[in-house]
Structures are given as C-alpha cells and as structure tokens.
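Observations on chain architecture
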Amino acid sequence: MTNRSSNKAAVPEAKGALDKFKYEVASELGVPLTEGYNGDLTSRQNGSVGGYMVKKMIEQQERQMAGK
C-alpha cells in the first residue's frame, strides 16, 4: 500500500528524528503505535499522539526562545 499523504516535510532530513519522537510520545501516552499498519488504532489515539507532539515541540521552542 502506498502512502497517499499530501504532507511534505519542511526539512526532509528531520524525518528520522520525527519518527523516533512520534514513537516516544506514543509510548509515554500508552498508545500501542507500531511501524507499518496502525489501522486498528482509533482516531482519538492517533490524534492524541500528534497533538501531544505539537504541544511538546511548542514548549521546547518557547524554552529555547526564553534562553533556557
């Protein structure tokens, strides 16, 4: 099955790090995310991973901008 996602990475070189981050966040949230097919997960589970990733990235950027 091909990936039909229209999302394009702004920095393609960061894909590996983002994937690793995604699995770390899923683990923290207790979402059983695996490589490959995850169609058995609910939209809520998948959404919680993406939402929490964004929250953590914003927090990190805010700390960086504050010089911490």
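Residues numbered from 1 in each chain as written. Predicted model: local features only at pLDDT ≥ 70, side-chain atom pairs only at ≥ 80, totals over all residues. Heavy atoms only, no water.

1. As for the pattern of salt bridges
Under the defined criterion, the tally for this structure stands at four salt bridges. Of the charged contacts in the structure, one is a salt bridge between Asp19 and Lys15, with a shortest N-O distance of 3.3 Å. Within this pair, Asp19 and its partner Lys15 are both found in helix H1 (residues 15–29), separated by four residues, close to a single helical turn. The closest approach of N and O atoms between Lys20 and Glu24, which form a salt bridge, is 3.9 Å. Taken together, the residues span about one helical turn, with Lys20 and Glu24 both in helix H1 at a distance of four residues. Of the residues examined, Glu24 reaches a relative accessible area of 39% and is grouped as partly exposed. Salt bridges here are not isolated pairs; linked through shared partners, they connect Lys15, Asp19 and Lys22. (Salt bridge = Lys/Arg side-chain N within 4 Å of Asp/Glu carboxyl O. Helix = DSSP H or I, 4+ residues; strand = E, 2+ residues; numbered from the N terminus. Buried < 20%, exposed > 50% of the residue type's maximum accessible area, 1.4 Å probe, protein only.)

2. Section: the packing of H1 against helix H2 (residues 43–65)
For the pair H1 and H2, the least separation of the axes is 9 Å and the interaxial angle reads 110°. By the angle between their axes, H1 is roughly perpendicular relative to H2. The chirality of how H1 crosses H2 is right-handed. In this structure, H1 contributes Leu18, Phe21, Lys22, Val25, Ala26, Glu28 and Leu29 to the contact, and H2 contributes Ser48, Val49, Tyr52, Met53, Lys56 and Met57. Classifying every residue of the contact of H1 with H2 by side-chain character gives nine nonpolar, one polar and three charged. (Axes fitted to C-alpha atoms, helices over the stretch in contact; angles between N-to-C directions. Parallel < 35°, antiparallel > 145°, perpendicular 65-115°, else oblique. Left-handed = near helix turned anticlockwise from the far one by under 90°. Contact = heavy atoms within 4.5 Å. Nonpolar A, V, L, I, M, F, W, Y, C, P; charged D, E, K, R; others polar.)

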